[in-house]
Amino acid sequence: NGRSYSFAKKCVASQEQIFEKIDAIAANIAIDYAGKATAENPLILICVLKGAYLFTADLARALADKGVPNVVEFMCVSSYGKYTVSSGEVRMLLDLRNSISKRHCLIVEDILDSARTLDFLYKVFMTRGPASLRTCVLLDKPEGRKLPFVAHYRCFEIANEFVVGYGLDYAEMYRDLRDIVVLKPEVYSPKTASEMHKVPDSKL
Ligand SMILES: O=P(O)(O)OC[C@H]1O[C@H](OP(=O)(O)OP(=O)(O)O)[C@H](O)[C@@H]1O
Ligand SMILES: Oc1ncnc2cn[nH]c12
Ligand SMILES: [Mg+2]
C-alpha cells in the first residue's frame, strides 16, 4: 500500500486489511441480527471514545451496506491516561445520550487488552436492561488480560505489544494513521519507556 512510517517498527494491520476484516465482521453481524435490527428498532452501536471513533464510523457504514439499520451512541472512559500502562481504574467521562432499555446494543471498542474497560462497561450497561448486549473489538490482545473477558466479534488478534493508528493513540498522538503499527521504542521518551512496565500512571 506504499505507506511506511519512520517511527514504526512494523505494520500490524494495513488500512486495506482493516477494511476487509470490517466487511467480514459486518456480514457475521448481519446474520446474527437478522430480524432483530430493524428500521424501527435499529442496532445501537455504543462507540467507546476516543479510540473506537474510526472503527465505529467504518463499521456503521459496512452494516448499513449489509442491511443492518444502526444508530450510534458515544461514551468515554479513560484508564490509560497519557502513558501506555493501564492505570487500573476506569473512569466514566461521558455517558450515553439515550436509554438502551429493551434495545439490541453492541459495544464497539478499538482494543481489548487488560479487559478492565470492557468488564466495567459490560456491567454498567447490563444494569440498564438492554434486550441484548454484545461486544465488537477491532484488536484483541489476549495476553494482556488482567480479567477474564471474551469479545463476541473480533477483527484481529495481536501479540502483546503496544500499537497505534486507526484511532489508537500514544499520548493522544498517532490516532490519524491509516494503518495500525508498532512504534519504535525510541519514540517513547526515556522516562516513559522506563515507566511502561513498572509504574502505573496513577503512581507517576
Ligand atoms: O482492555 P483495556 O486494558 O481496558 O484497554 C483497552 C482500553 O484502553 C484504551 O483506551 P484509553 O483508556 O487509552 O482511552 P482512549 O480510547 O481515549 O485512548 C483503548 O481505547 C481501550 O478503550
Ligand atoms: O496497544 C495499545 N495501543 C494503544 N492503546 C492501548 C490500550 N491498551 N493497549 C493499547
Ligand atoms: Mg488510548
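Worth saying up front: this structure is predicted, and the values here are computed from it rather than measured. (Residues numbered from 1 in each chain as written. Chains lettered and ligands numbered in written order. Predicted model: local features only at pLDDT ≥ 70, side-chain atom pairs only at ≥ 80, totals over all residues. Heavy atoms only, no water.)

Colleague: Just checking my understanding: could you explain the state of the cysteines for this structure?
Modeller: In protein structure, a disulfide is the covalent linkage between the sulfur atoms of two cysteines. The tally for this structure, following the rule as stated, stands at zero disulfides. No disulfide involves Cys47; its sulfur sits 9.3 Å from that of Cys76, the nearest cysteine. A relative accessible area of 0% means that Cys47 is categorised as buried. (Disulfide = S-S within 2.5 Å. Buried < 20%, exposed > 50% of the residue type's maximum accessible area, 1.4 Å probe, protein only.)

Colleague: Before we go on, may I ask you to explain the environment of Ser14 in this structure?
Modeller: Along the chain, Ser14 turns up in the loop between strand S1 (8-13) and helix H1 (15-32). Take Ser14: its relative accessible area is 8%, and that puts it in the buried class. With 75 residues separating them along the chain, Ser14 and Glu89 place their C-alpha atoms 31 Å apart. For Ser14, the contacting residues outside a window of four places in its chain are Asn1 and Asp179. (Helix = DSSP H or I, 4+ residues; strand = E, 2+ residues; numbered from the N terminus. Contact = heavy atoms within 4.5 Å.)

Colleague: Quick question: what am I supposed to make of unusual backbone geometry here?
Modeller: Looking along the chain, the bond that leaves Leu49 and enters Lys50 is cis, with omega of 0°. Following the sequence through the fold, Lys50 ends up in the loop between strand S2 (43-49) and helix H2 (53-65). Despite not being glycine, Glu172 shows a phi value in the positive range, around 75°. Tracing the chain through its elements places Glu172 in the loop between strand S8 (163-164) and strand S9 (180-183). Located in the positive-phi region is Tyr174, a residue other than glycine, with phi close to 75°. When you line up the elements, Tyr174 lands in the loop between S8 and S9.

Colleague: Explain the sheet that holds strand S7 (residues 153-157) to me, please; I cannot follow it from the model alone.
Modeller: Strand pairing in a sheet takes place through backbone hydrogen bonds and is either antiparallel or parallel in direction. Judged by pairing direction, the sheet is mixed, and its six strands sit side by side in the order S4-S3-S2-S5-S6-S7 without closing on themselves. The strands lining the two open edges of the sheet, one partner per strand, are strand S4 (91-94) and S7. Within this sheet the neighbouring strands show an average axis-to-axis angle of 25°, counted without direction. Bridge analysis of strand S5 (residues 104-112) against strand S6 (residues 132-140) gives eight bridges, and the strand direction is parallel. By the bridge assignment for S6, Leu112 is matched with Asp140. (Pairing = 2+ DSSP bridges. Axes fitted to C-alpha atoms, helices over the stretch in contact; angles between N-to-C directions.)

Colleague: Is there a simple way to think about the pattern of salt bridges in this case?
Modeller: Opposite charge on two side chains permits pairing when their charged atoms draw close. Applying the stated criterion to the full structure yields 15 salt bridges. For Arg3, the salt bridge identified is with Glu16, shortest N-O distance 2.9 Å. Taken as a pair, Arg3 in the segment before S1 and Glu16 in helix H1 lie far apart in primary sequence, 13 residues in all. Judged by relative accessible area, Arg3 falls into the partly exposed class, the value being 27%. Linked through salt bridges whose partners overlap, the residues forming this network are Lys50, Asp169, Glu172 and Arg175. (Salt bridge = Lys/Arg side-chain N within 4 Å of Asp/Glu carboxyl O.)

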